[in-house]
Amino acid sequence: TPAICANAQVESAKKTFQSISADPAKTKKYCEMAKVMEDAGDQADEASVAKIQTLIKDLGPDFGRAWNTGGELDENSEDAKVYNAALDELSNKCT
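If you're wondering where the values come from, they're calculated on a predicted model, not measured in any experiment.

To continue, consider the nonpolar core. Ranked by size, the top nonpolar core spans 20 residues in total, and within it F17, I20, Y30, M33, F63 and Y83 carry the most contacts. If you list the elements that add at least two residues to this core, you get α1 (2–21), α2 (24–40), α3 (46–58), α4 (61–71) and α5 (78–91). Leaving out residues up to four positions away in the same chain, F63 has contacts with T16, F17, I20, Y30, M33 and I56.

Quick look at the structure:
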């Protein structure tokens, strides 16, 4: 059933975010990506989009899949809460 699949994807994303959180170099890249996204806001230009895509690629295919999982979730679901909590934990490492 789809719910089990989503849970597996969310669990995988959570582990990926925790793994990045434990790696200072990857945490720095994630924070750099988050800053570019924040600075660009809804007005991301081609340079910002290219930089974000490069940083996602630098963070590895697992991060890319984990990142994309967020866009597939119903924001009010339990899965989304687990996903967002794991991402927030990583984001909290950015200063």
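Once you've had a look at it, read on.
Taking 1.5 Å as the rise per residue, α5 with 14 residues should run 20 Å; its terminal C-alpha atoms sit 20 Å apart, in good agreement. Those residues of α5 not exposed but buried are D79, A80, Y83, A86, L87 and L90. The arc enclosing the buried residues of α5, seen along the axis, measures out at 135 degrees, which places them on a common side.

For the rest of this paragraph, the subject is the environment of E75. Its location among the elements puts E75 in the loop between α4 and α5. Each C-alpha atom of the pair E75 and K51 lies 26 Å from the other, and the pair is 24 residues apart in sequence.

On to the packing of aromatic side chains, then. The final tally for this structure, using the stated rule, is four aromatic pairs. Relative to W67, the ring of F63 lies with its centre 5.6 Å away and its plane at 25 degrees, an arrangement referred to as stacked. You can see F63 and its partner W67 sitting in helix α4, four residues apart, about one turn around the helix. The structure contains a cluster of three or more aromatic residues connected by ring pairs, namely F17, Y30, F63, W67 and Y83.

Conventions and cut-offs
- Residues numbered from 1 in each chain as written.
- Predicted model: local features only at pLDDT ≥ 70, side-chain atom pairs only at ≥ 80, totals over all residues.
- Heavy atoms only, no water.
- Core = buried A, V, L, I, M, F, W, Y, C linked by side-chain atoms within 4.5 Å.
- Buried < 20%, exposed > 50% of the residue type's maximum accessible area, 1.4 Å probe, protein only.
- Helix = DSSP H or I, 4+ residues; strand = E, 2+ residues; numbered from the N terminus.
- Contact = heavy atoms within 4.5 Å.
- Expected span 1.5 Å × (residues − 1).
- Arc of directions from axis to C-beta.
- Phe/Tyr/Trp six-rings, centres within 6.5 Å; stacked < 30°, edge-to-face > 60°.

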